[in-house]
Amino acid sequence: MKRLLALTLALVTVFTLAACSGSSSAAVAATGNNTGSALPYAGKKVGYCPPTLTDSWLALIAEKIGYYCTLDGIEFIATEGQGDITVQIQQTENFIAMGCDVIIAQPVNLDAFRSVVEEARSKGIKVIFWADDPPYEVEGSYMSVDEIQGKLCGEMAIAWANQTFPKDAANGGIKVAWLTTQYDDRPSAKNRQDAMIAAIAGDPRFEVVFRKDNLTLPNECTDAMNECLALNPDINVIFTFSDAHAIGANAGVMADKSLDYSKIAIFGGSSTAEALALVDQSVNNDSVIRGLVLFGQGDDYFIGGANAIKGIIDGTVPLNSAFFCDHTAYNHFGYVSNFNAEEYSKNYVNK
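Treat the numbers as computed from the prediction; the structure is a model and nothing was measured. (Residues numbered from 1 in each chain as written. Predicted model: local features only at pLDDT ≥ 70, side-chain atom pairs only at ≥ 80, totals over all residues. Heavy atoms only, no water.)

A. Structural view of the pattern of salt bridges. Throughout the structure, instances matching the rule amount to 13 salt bridges. K64 is the salt-bridge partner of D299, the closest N and O atoms lying 3.0 Å from each other. Taken together, the positions of D299 in the loop between β11 (289–295) and α9 (300–314) and K64 in helix α1 (residues 56–70) put the pair 235 residues apart, joining distant regions of the chain. Classification of K64 as buried rests on a relative accessible area of 13%. Among the salt bridges present, the one from K310 reaches D72, with a minimum N-O distance of 2.7 Å. Here K310, found in helix α9, pairs with D72, found in the loop between α1 and β3 (75–78); they are 238 residues apart in sequence, far enough to count as distant. (Salt bridge = Lys/Arg side-chain N within 4 Å of Asp/Glu carboxyl O. Helix = DSSP H or I, 4+ residues; strand = E, 2+ residues; numbered from the N terminus. Buried < 20%, exposed > 50% of the residue type's maximum accessible area, 1.4 Å probe, protein only.)

B. Representation of the packing of helix α4 (residues 146–164) against helix α5 (residues 187–200). Put simply, α4 and α5 touch, their axes get as near as 7 Å, and they point 30 degrees apart. It follows that α4 is roughly parallel to α5 by the angle criterion. The interaxial crossing formed by α4 with α5 has right-handed handedness. The residues of α5 that touch α4, namely those facing D146, E147, Q149, G150, K151, C153, G154, E155 and I158, are S188, N191, R192, A195, M196, A199 and I200. When its residues are assigned to classes, the contact of α4 with α5 shows 6 nonpolar, 5 polar and 5 charged. (Axes fitted to C-alpha atoms, helices over the stretch in contact; angles between N-to-C directions. Parallel < 35°, antiparallel > 145°, perpendicular 65-115°, else oblique. Left-handed = near helix turned anticlockwise from the far one by under 90°. Contact = heavy atoms within 4.5 Å. Nonpolar A, V, L, I, M, F, W, Y, C, P; charged D, E, K, R; others polar.)

Function cannot be inferred from these measures alone, as they are strictly geometric.
Okay, structure coming up:
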């Protein structure tokens with residue numbers, strides 16, 4: 001079935017808000033600052049169980065989407081998925097029992113999650129997938145473009161290498177480590193990570209000499225980086241799934257004072273303020289995180305996601321709608337992305 005609608009965040013009006021709430025606990029309930037009595041979505045409930053809330057990006061999604069939902073009276077509940085599809089299914093069943101109006105789905109295994117999605121929808125609960133477009137009917141999907149995220153990381157690596165190493169470096173002279181997460185179970189993660197390697201595949205200077213799969217937490221990436229450096233102390237480029245993984249890998253690199261940090265670069269497929277600050281520090285080699293992928297600018301990613309949820313509650317968007325965010329590359333060596341989300345959306349077809 002073809003997608004019936006594709007929207008981009010370029011069409012979303014960005015408005016300014018004074019503050020946002022957050023929590024570091026396993027369950028997060030964001031609270032807005034709109035105290036008026038005529039909240040348009042008062043009484044509505046939205047449940048979200050991401051793979052984990054220990055990942056800084058996923059925790060930020062819970063915080064920010066919750067904030068922009070609760071401004072209009074939506075009760076927003078986020079729970080910890082523990083990287084386990086069984087836990088995510090159990091939490092989703094809890095959302096069903098609570099009578100949530102919308103469930104945000106971000107499962108670590110799409111196929112295993114299908115039955116609980118069908119159960120929810122059979123009871124009139126609407127489902128929006130976050131970061132994935134499942135091969136079965138749902139109300140909508142709110143997505144970045146996995147292949148573009150990975151492509152930007154690969155292209156940033158090439159641009160950085162062109163400045164750091166001679167263009168006539170020997171074949172295989174630039175050593176690459178590839179740290180992945182949930183590689184086999186989640187198509188969106190696999191697509192992002194494969195695109196990183198595909199982007200450098202045509203450049204003979206790059207050689208992947210180390211790979212570690214199914215890393216979930218930043219400390220696991222630190223351990224993987226320690227293992228990599230023990231085998232490959234001359235590593236140059238490290239690809240990571242997310243900014244949280246990049247932070248973990250960066251900790252492993254920076255702990256080894258024998259390394260020439262100017263010859264090492266980490267790239268990740270997402271970003272948070274903490275990670276962006278480390279990119280800034282890389283200018284002086286106080287960090288080796290050289291480039292990250294931004295989803296839109298400022299809070300437009302989160303505002304767009306909240307608006308997609310509200311449209312699904314209203315029933316104003318067709319079944320299987322696709323919503324996309326824009327992508328930019330954050331770095332300090334001059335690489336600029338030419339990705340156009342609106343153009344991409346026009347040609348998007350899945351189901």
